[in-house]
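As a plain string of letters, each chain reads:
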Amino acid sequence: MEKIVRQGLLYDFYGELLTEHQRQVYEAVVYENLSLAEIAAEQGISRQGVHDIVKRCDKMLLEYEEKLKLVAKFMKIQKQVQEIVRISEVYEKNGSEDKSEYCRKVRQLSAEILEEL
């Protein structure tokens, strides 16, 4: 997964666990794509300070994910839902040739999703 996308996902799930100051700096880097110098000037800290905060936040967010695995569960469920959509589209195109097989697959994926939750 691309670094910025991964950072965004981790932040979406665990960002509230950071301090307000950490959130401001991290959002400026990840969402606003500001340079370290711009953030440093805005926050009244050094570029090194901004860099350290971002590195610390990255580490903390990864540690939360290693323990809680919310992003991994989300990604897995997202793929399962996409598969349900795909199966539904195939079913619509093919009519009711083998309705029981399509229904079985949807029930199986639904059960897997519910287990994750």
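See the structure printed just above.
Quantities reported herein were computed from a predicted structural model and do not represent experimental measurements.

> Where do I start with the overall build of the protein chain in this structure?
Scanning the protein chain from N- to C-terminus turns up six helices and zero strands. Along its sequence from the N terminus, the protein chain presents helices and strands in the succession α-α-α-α-α-α. Relative to the compact-globule value of 13 Å for 117 residues, the protein chain shows a C-alpha radius of gyration of 21 Å, a clear excess of over 25%. Taken along the three principal axes of its C-alpha coordinates, the protein chain extends 65 × 30 × 20 Å. Here the protein chain holds 117 residues, and the buried ones make up 28% of them. Just so you have it, the protein chain exposes about 8,000 Å², and 54% of that area is on carbon and sulfur atoms. A distance of 5 Å separates the average location of the 18 positive side-chain charges in the protein chain from that of its 22 negative side-chain charges.

> Looking at this structure, how should I read the nonpolar core?
Here is a general trend for soluble globular proteins: nonpolar side chains tend to be buried in one another's company. Ranked by size, the top nonpolar core spans 18 residues in total, and within it Val25, Tyr26, Ile39, Val50, Val54 and Leu61 carry the most contacts. At the level of secondary structure, the elements contributing two or more residues to this core comprise α1 (3-14), α2 (20-30), α3 (36-43) and α4 (47-68). When near neighbours in sequence (up to four residues on either side) are disregarded, Val50 contacts Val25, Leu36, Ile39, Ala40 and Ile45. With six residues, the next largest nonpolar core counts Ile84, Ile87, Tyr102 and Leu109 among its residues.

> Sorry if this is basic, but what is going on with α1 here?
Because each turn of an α-helix spans 3.6 residues, side chains separated by three or four positions in sequence point in the same direction. Here α1 is 12 residues long and its end C-alpha atoms lie 16 Å apart, about the 16 Å a rise of 1.5 Å per residue gives. Every buried residue of α1 is listed here: Gln7, Gly8, Leu9, Leu10, Tyr11 and Tyr14. Of the surrounding secondary structure, the elements contacted by the buried residues of α1 are α2, α4 and α5 (70-94).

> Which parts of the structure should I look at to understand the pattern of salt bridges?
Close approach of charged atoms allows side chains with opposite charge to pair. Scanning the entire structure with this criterion turns up three salt bridges. Two residues, Glu63 and Lys59, come together in a salt bridge whose shortest N-O distance is 3.6 Å. Linking Glu63 with Lys59, this pair stays in helix α4, spanning four residues, or about one helical turn. Residue Glu63 is classed as partly exposed on the basis of its relative accessible area, which comes to 33%.

> Any chance you could explain unusual backbone geometry here in plain terms?
In most cases, non-glycine residues show a negative phi, while peptide bonds are predominantly trans. Even without being a glycine, Asn33 presents a positive backbone phi close to 55°. Looking at Asn33, the relative accessible area reads 65%, which means it is exposed.

> I would appreciate a short explanation of the packing of aromatic side chains in the present structure.
Remark: the centre distance and the inter-plane angle together describe each pair of aromatic rings, the angle taken between the planes. Within the structure shown, the criterion is met by five aromatic pairs. Taken together, the aromatic side chains of Phe13, Tyr14, Tyr64 and Phe74 make up a single cluster linked through ring pairs.

> Looking at this model, I keep getting lost on the packing of α1 against α2. Mind explaining?
Between two packed helices, the angle of one axis relative to the other and the distance separating the axes together describe the packing. Orientation of α1 relative to α2, taken along the N-to-C sense of each, is 145°, at an axis distance of 10 Å. Read as a crossing pair, α1 and α2 show a hand that is left-handed. On α2, the residues that touch Ile4, Gln7, Gly8 and Tyr11 of α1 are Arg23, Tyr26, Glu27 and Val30. Classifying every residue of the contact of α1 with α2 by side-chain character gives four nonpolar, two polar and two charged.

Cut-offs and rules
Here, residues in each chain are numbered from 1, in the same order as that chain's written sequence. The predicted nature of this model means local features are confined to residues of pLDDT at least 70 and side-chain atom pairs, given and counted, to a pLDDT of 80 or more, with totals for whole chains, interfaces and linings taken over all residues. Calculated side-chain values reflect all of the structure's heavy atoms, with hydrogen atoms and water omitted. Only DSSP runs of H or I reaching four residues or more are called helices, and only runs of E reaching two or more are called strands; each is numbered from the N terminus. Two things to know: the radius of gyration comes from C-alpha atoms, and the globule rule equals 2.2 Å times the number of residues to the power 0.38. Categorising residues by exposure relies on relative accessible area from a 1.4 Å probe, with only protein chains included: less than 20% of the type maximum marks a residue as buried, more than 50% marks it as exposed, and the intermediate range marks it as partly exposed. Per-residue and other accessible areas were derived by the Shrake-Rupley procedure at a 1.4 Å probe size, with only the shown protein chains allowed to occlude residues. Residues scored as charged are limited to Lys and Arg (positive) and Asp and Glu (negative), so that His and the chain ends carry no count. By convention, charge coordinates are those of NZ in Lys, CZ in Arg, CG in Asp, or CD in Glu. Residues belong to one nonpolar core when they are buried, are Ala, Val, Leu, Ile, Met, Phe, Trp, Tyr or Cys, and are joined through side-chain atoms within 4.5 Å. Here, residues are in contact when the closest pair of their heavy atoms is within 4.5 Å. To estimate the expected span of a helix, subtract one from its residue number and multiply by 1.5 Å. We count a salt bridge whenever a side-chain nitrogen from Lys or Arg sits within 4 Å of a carboxyl oxygen from Asp or Glu. Only centres within 6.5 Å qualify two rings of Phe, Tyr or Trp (six-membered ring in Trp) as a pair; their planes then separate them into stacked at under 30 degrees, edge-to-face at over 60, and tilted for everything else. Axis definition: a line fit to C-alpha positions, over the contact stretch in the case of helices; interaxial angles, taken between N-to-C directions, run 0 to 180 degrees. Whether a crossing is left-handed or right-handed is set by the direction in which the near helix is turned from the far one by less than a right angle, anticlockwise for left-handed and clockwise for right-handed. Each residue gets one label: Ala, Val, Leu, Ile, Met, Phe, Trp, Tyr, Cys and Pro are nonpolar, Asp, Glu, Lys and Arg are charged, and the others, such as Gly, are polar.

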